[in-house]
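# Analysis of the macromolecular model
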Amino acid sequence: MSNIKKTAMLTVCGRPNVGKSSLTNALVGEKVAIVSNKAQTTRNRIYGVVNKSDTQYILLDTPGLHKPKSALGDYMVKVVTSSLSDVDCALLLVEPIAHVGGPEKALIARIREEKLPCILCINKIDTVEPTALLPVIAAYNEVWDGFDAIIPISAHTGSGLDDLMSEAGKFAEEGPQLFPDGQVSDQPERQVMGELLREKLLLCLDKEIPHGTAVEITKFSERDSGIIDVEATIYCEKASHKGIIIGKQGAMLKKISSLARKDMEKFMGAQVYLETWVKVKENWRDNVNYVRSLGYRED
């Protein structure tokens, strides 16, 4: 029986590739957001749910703030800025570099505009010496001295995460439990299947190609035997990209699908039968209606 009496809505924000999805997954304790070493991996706002003591923490993992170059990019930036409304606290995730860049300054300005409590999270501390953190803290305090707390963390090792949750708990509000016990994300299973496949595209493909891909799950059903049938279409922007995704004698597509299927089975706790196709949809990222049709909506 749950004893949740409070909730804390927390936005995890920062520039691309700073570790927002890794932090969300680490706090939740399992994978709810896809991760890669490429920028702009996250496209939608994703909710991760953590129950700790008498508080339910709802983490909003957002796309990285960047300069948009397409309709998809415009959508992603709007998701970031809108996610700073109607939350209890912002977790501004930064790297251990003693310089405050444009994306960080823009987010700080938005946080101040919303009059939001803000915890500065200096991530990736496992990659630097402890003494390197002092000039980082000084640089951010010079830009804004209004941070409610500054906490060095590592989403990779888990260092500092208990301190972060304790600090975030100070901004929880009395209220009912919003997500039932056992639910760790707001994403429907069908959407998770598509994201897991897209993660493997990011992992296996080079340069710009994976950023020009989108995944549509066209079938998601369960047999009487418990096997999950998933059919997915991978869209890319050029015929030459289609050839690269499929690979020689289908080798690349087979590799991508095999890796995705393993993660799908782990997530579903059941055997998954996955079929994938690749189709060309030229310049789909610049087509607002098509971007929306693939589920990238602001509402």
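Here's what I pulled together on the structure shown here.

Conventions and cut-offs
Residues numbered from 1 in each chain as written. Predicted model: local features only at pLDDT ≥ 70, side-chain atom pairs only at ≥ 80, totals over all residues. Heavy atoms only, no water. Helix = DSSP H or I, 4+ residues; strand = E, 2+ residues; numbered from the N terminus. Buried < 20%, exposed > 50% of the residue type's maximum accessible area, 1.4 Å probe, protein only. Contact = heavy atoms within 4.5 Å. Areas by Shrake-Rupley, 256 points an atom, 1.4 Å probe, with all protein chains shown as cover. Right-handed = clockwise from strand over helix to strand, strands pointing away. Pairing = 2+ DSSP bridges. Expected span 1.5 Å × (residues − 1). Salt bridge = Lys/Arg side-chain N within 4 Å of Asp/Glu carboxyl O. Axes fitted to C-alpha atoms, helices over the stretch in contact; angles between N-to-C directions. Parallel < 35°, antiparallel > 145°, perpendicular 65-115°, else oblique. Left-handed = near helix turned anticlockwise from the far one by under 90°. Nonpolar A, V, L, I, M, F, W, Y, C, P; charged D, E, K, R; others polar. Phe/Tyr/Trp six-rings, centres within 6.5 Å; stacked < 30°, edge-to-face > 60°. Lys NZ or Arg CZ within 6 Å of the ring centre and 35° of its normal. Polar contact = N/O pair within 3.5 Å; in protein donor to acceptor, adjacent residues only side chain to side chain.

### Details of the overall build of the chain
- Tallying secondary structure elements over the chain gives nine helices and ten strands in all.
- By the burial criterion, 52% of the 299 residues in the chain qualify as buried.
- Across the chain, the fraction of contacts at a sequence separation of at least 24, relative to all contacts at a separation of at least 6, is 72%.
- When the accessible area of the chain is evaluated, it comes to approximately 14400 Å², of which 48% is carbon and sulfur surface.

### Regarding the pairing of strand β5 (residues 118–122)
- Burial analysis of β5 places five of its five residues in the buried class, which makes it a mostly covered element.
- The alternating pattern of β5 places C118, L120 and I122 and I119 and C121 on opposite faces, both of which are buried.
- One crossover worth recording links strand β4 (residues 89–94) to the parallel β5 by way of helix α3 (residues 102–113), and it is right-handed.
- Two elements, β5 and strand β6 (residues 149–152), share four bridges in a ladder whose sense is parallel. When the bridges of β6 are listed, I119 appears paired with A149.
- Taken together, β5, helix α4 (residues 133–143) and β6 constitute a β-α-β crossover, and its handedness is right-handed.

### Some remarks on helix α6 (residues 189–204)
- Compared with the 22 Å implied by 1.5 Å per residue over 16 residues, the 23 Å span of α6 between its first and last C-alpha is a close match.
- The buried fraction of α6 amounts to twelve of the 16 residues, a majority that puts the element mostly inside the structure.
- When α6 is considered as a whole, its buried residues turn out to be V192, M193, G194, E195, L196, L197, R198, E199, K200, L201, L202 and C204.
- Residues of α6 that are buried in the fold lie against β8 (214–222), β9 (228–236), α7 (239–246), α8 (251–268) and β10 (272–280).

### Overview of the pattern of salt bridges
- In total, this model carries ten salt bridges according to the counting rule given.
- Two residues, E114 and R110, come together in a salt bridge whose shortest N-O distance is 2.6 Å.
- With a relative accessible area of 18%, R110 lands in the buried category.
- The residue R198 makes a salt bridge to E195 at a minimum N-O spacing of 3.0 Å.

### Digging into unusual backbone geometry
- Its identity as a non-glycine residue notwithstanding, K124 has a phi of 65°, on the positive side.
- Along the chain, K124 turns up in the loop between β5 and α4.
- Look at K124 and you get partly exposed, because its relative accessible area is 25%.
- Even without glycine at this site, Q249 takes up a positive phi of about 55°.
- Exposure remark for Q249: the relative accessible area of 81% places this residue in the exposed category.

### Quick notes on the packing of α6 against α8
- Between α6 and α8, whose axes approach to 9 Å, the crossing angle comes to 140°. Here α6 is positioned oblique relative to α8, judged by the angle of their axes. Crossing handedness for the pair α6 and α8: right-handed. On α8, the residues that touch E189, V192, M193, L196, L197, E199, K200, L201, L203 and C204 of α6 are M252, K255, I256, L259, A260, D263, M264, F267 and M268.
- Partitioned by chemical class, the residues of the contact of α6 with α8 number 14 nonpolar, no polar and five charged.

### Examining the packing of aromatic side chains
- Across all of its chains, the model carries one aromatic pair by this definition.
- Aromatic side chains W144 and F147 sit 5.0 Å apart centroid to centroid with 65° between the ring planes, which places their arrangement in the edge-to-face category.
- The class of W144 is buried, set by a relative accessible area of 12%.
- Above the plane of the ring of Y273 lies R223, whose end atom (NZ or CZ) is 5.7 Å from the centre.

### Describing the side chain of T276
- Positionally, T276 belongs in strand β10.
- A distance of 2.9 Å separates polar atoms of two side chains, one belonging to T276 and the other to S257.
- With sequence-adjacent residues up to four places away left out, T276 is seen in contact with L197, A232, L253 and S257.

### Topic: the packing of α7 against α8
- Where α7 contacts α8, the axes come no closer than 4 Å and their chain directions differ by 65°. In contact with I244, I245 and I246 of α7, α8 contributes A251, M252, L253 and I256.
- Of the residues assigned to the contact of α7 with α8, the class counts are seven nonpolar, no polar and no charged.

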